[in-house]
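# Architecture and fold: a report
Chain residues, written in single-letter form:
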Amino acid sequence: GENVEQHPSTLSVQEGDSAVIKCTYSDSASNYFPWYKQELGKRPQLIIDIRSNVGEKKDQRIAVTLNKTAKHFSLHITETQPEDSAVYFCAAGTPTGNQFYFGTGTSLTVIP
Amino acid sequence: GAVVSQHPSWVICKSGTSVKIECRSLDFQATTMFWYRQFPKQSLMLMATSNEGSKATYEQGVEKDKFLINHASLTLSTLTVTSAHPEDSSFYICSAPGRGYTEAFFGQGTRLTVV
C-alpha cells in the first residue's frame, strides 16, 4: 500500500517568516495530494490540494508543489502569522485503493 | 462543501462498556466512510473502511470484534467500541470521500475517555 512520510515533525518559525513542510509518497498511482490543518481537538480542514497533472498551486500565502518523478510534494506558507500555528497533515489519495493515506503530521508554531 | 456530522463529540465511559459513534452525511450520499483513530500529537491512523451494504474492510492490526462498524444506509455509518478499556481512549474521526475519491470530508471527531 501507500506510504506517506512527512518532515519535519515539529517546526517553529518567527512571525513573518516562511514555513516549508515536505512529504514523500511511495505509490506512483496516487494522483491527489491534499493538505490539512488541524487545530487541537478539531477536525482536519482542507487548506489546499494538488492533482498529479499540476506541478504547483498557490492560494494567497499558501502554495504546494508536486514532483511526480521524485514522488514528493511540499507545503509552503509565507508571511506566517500566529493563527497559522496548528498541526498540518499531508495525504496521498489513490483511486485504485480508494483510500487516503496521511503523513505523520507537522506541528507548526509561529512565534509572535 | 459536503458536511459530515459526527456524534458524540466527547464521551466518557466506564471500562467494560460499549460506546457507539455515529457519522452522518447531511447533504450527500456517502457510500464509503473512513474511520480513523488519532492519538495526541500524532497522525490519523486509518482503522477501517466501511461501505454501504457490505462488510467493512479493516486495516492490519485492528480488531474487528472490538471495533464494530456498520454502514446500514447511504447517510449513516457507525463505529461501536465494544468492551472499552482505558487503552481505547483516543480521538476517533470519520471521513467520507468526495466524488472520484478526491477530497475528504471529516466529521467533528469524538474524544473517547475510558475510565
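In the block above lies the structure referred to throughout.
The model shown is predicted, which means the values in this text are computed figures rather than measured ones.

### Topic: the overall build of chain B
Along the backbone of chain B there are zero helices and 11 strands. Ordering the α and β elements of chain B from the N terminus gives β-β-β-β-β-β-β-β-β-β-β. Taken over C-alpha atoms, the radius of gyration comes to 13 Å for chain B, in line with the 13 Å a tight globule of 115 residues would show. For chain B, the spread of C-alpha atoms along the principal axes amounts to about 40 × 25 × 20 Å.

### Looking at the pairing of strand 2 (residues 10-14) of chain A
On any regular strand, side chains alternate: one points to one face of the sheet, the next to the other face. Residue and element names in this part refer to chain A. On strand 2, burial follows the alternation: Leu11 and Val13 on one face are buried, whereas Thr10, Ser12 and Gln14 on the facing-out side are not. As paired elements, strand 2 and strand 11 (residues 106-111) share five bridges and run parallel to each other. The residue bridging valine 13 from the neighbouring strand is valine 110, located in strand 11.

### Quick look at the pairing of strand 3 (residues 19-24) of chain A
Residue and element names in this part refer to chain A. Of the two faces of strand 3, only the one carrying Ala19, Ile21 and Cys23 is buried; Val20, Lys22 and Thr24 on the other face are not. As defined by bridge partners, strand 1 (residues 5-7) adjoins strand 3 across three bridges and the pair is classed as antiparallel. The partner of glutamate 5 across the bridge, within strand 3, is threonine 24.

### Looking at the layout of surface pockets
In this model, the largest pocket occupies a volume close to 360 Å³. Looking at the lining of the largest pocket residue by residue, the class counts come to seven nonpolar, 10 polar and three charged. Each pocket or cavity is described by its volume, and for the second largest pocket that value is around 250 Å³. For the second largest pocket, the lining is made up of 14 residues, of which A:Asn3, A:Val4, A:Tyr101, A:Phe102 and B:Leu44 are closest to its centre. For the lining of the second largest pocket, the elements supplying multiple residues, two or more each, are strand 10 (99-102) of chain A together with strand 5 (44-51) of chain B.

### A word on the interface of chain A and chain B
Taken together, the contact between chain A and chain B spans 18 residues of the former and 21 residues of the latter. Here chain A meets chain B over a buried area of about 1,600 Å², counting both sides, of which 58% is carbon and sulfur. The tally of links from chain A across to chain B stands at zero salt bridges. At the junction of chain A with chain B, the criterion picks out four residue pairs in polar contact (both at pLDDT 80 or more). Per-class residue counts for the side of chain A that touches chain B are seven nonpolar, seven polar and four charged.

### Describing the sheet that holds strand 3 (residues 19-25) of chain B
Residues and elements named next belong to chain B. The sheet built from four strands is open, its strands ordered 1-3-8-7 with antiparallel pairing. The outermost strands of the open sheet, each flanked by one partner alone, are strand 1 (4-7) and strand 7 (67-73). For this sheet, the mean angle separating the axes of adjacent strands, direction not counted, is 15 degrees. Examined bridge by bridge, strand 3 and strand 8 (residues 76-81) share six bridges and lie antiparallel to one another. By the bridge assignment, arginine 24 is partnered in strand 8 with leucine 76.

### A look at the packing of aromatic side chains
As enumerated under the stated definition, the model contains 12 aromatic pairs over all chains in all. Ring centres of A:Tyr36 and A:Phe102 lie 5.7 Å apart, and the angle between their planes is 50 degrees; on these two criteria the pair is classed as tilted. Residue A:Tyr36 is found in strand 4 (residues 32-38), and its partner A:Phe102 is found in strand 10; the two are separated by 66 residues along the sequence. Pair check on accessibility: A:Tyr36 and A:Phe102 agree, each one buried. A network of ring pairs unites the aromatic residues A:Tyr36, A:Phe102, B:Phe34, B:Tyr36 and B:Phe106 as a single cluster.

### Concerning the environment of B:Ser83
Residue and element names in this part refer to chain B. Considering the arrangement of structural elements, one finds serine 83 in the loop between strand 8 and strand 9 (90-97). Residues serine 83 and lysine 66 lie 17 residues apart in sequence; the distance between their C-alpha atoms is 7.3 Å. Residues contacting serine 83, with those up to four places away along its chain left out, are Gly16, Thr17, Ser18, Lys66 and Asp88.

Rules used throughout
Residues numbered from 1 in each chain as written. Chains lettered and ligands numbered in written order. Predicted model: local features only at pLDDT ≥ 70, side-chain atom pairs only at ≥ 80, totals over all residues. Heavy atoms only, no water. Helix = DSSP H or I, 4+ residues; strand = E, 2+ residues; numbered from the N terminus. Rg over C-alpha atoms; globule rule 2.2 N^0.38 Å. Buried < 20%, exposed > 50% of the residue type's maximum accessible area, 1.4 Å probe, protein only. Pairing = 2+ DSSP bridges. 1 Å grid on protein atoms, 1.4 Å probe; cavity = no way out; pocket = protein on both sides within 12 Å on 5 of 7 lines; lining within 4 Å. Points joined across faces, edges and corners; volume = space filled by probe spheres on them. Nonpolar A, V, L, I, M, F, W, Y, C, P; charged D, E, K, R; others polar. Contact = heavy atoms within 4.5 Å. Buried area = accessible area lost by both parts, 1.4 Å probe. Salt bridge = Lys/Arg side-chain N within 4 Å of Asp/Glu carboxyl O. Polar contact = N/O pair within 3.5 Å; in protein donor to acceptor, adjacent residues only side chain to side chain. Axes fitted to C-alpha atoms, helices over the stretch in contact; angles between N-to-C directions. Phe/Tyr/Trp six-rings, centres within 6.5 Å; stacked < 30°, edge-to-face > 60°.

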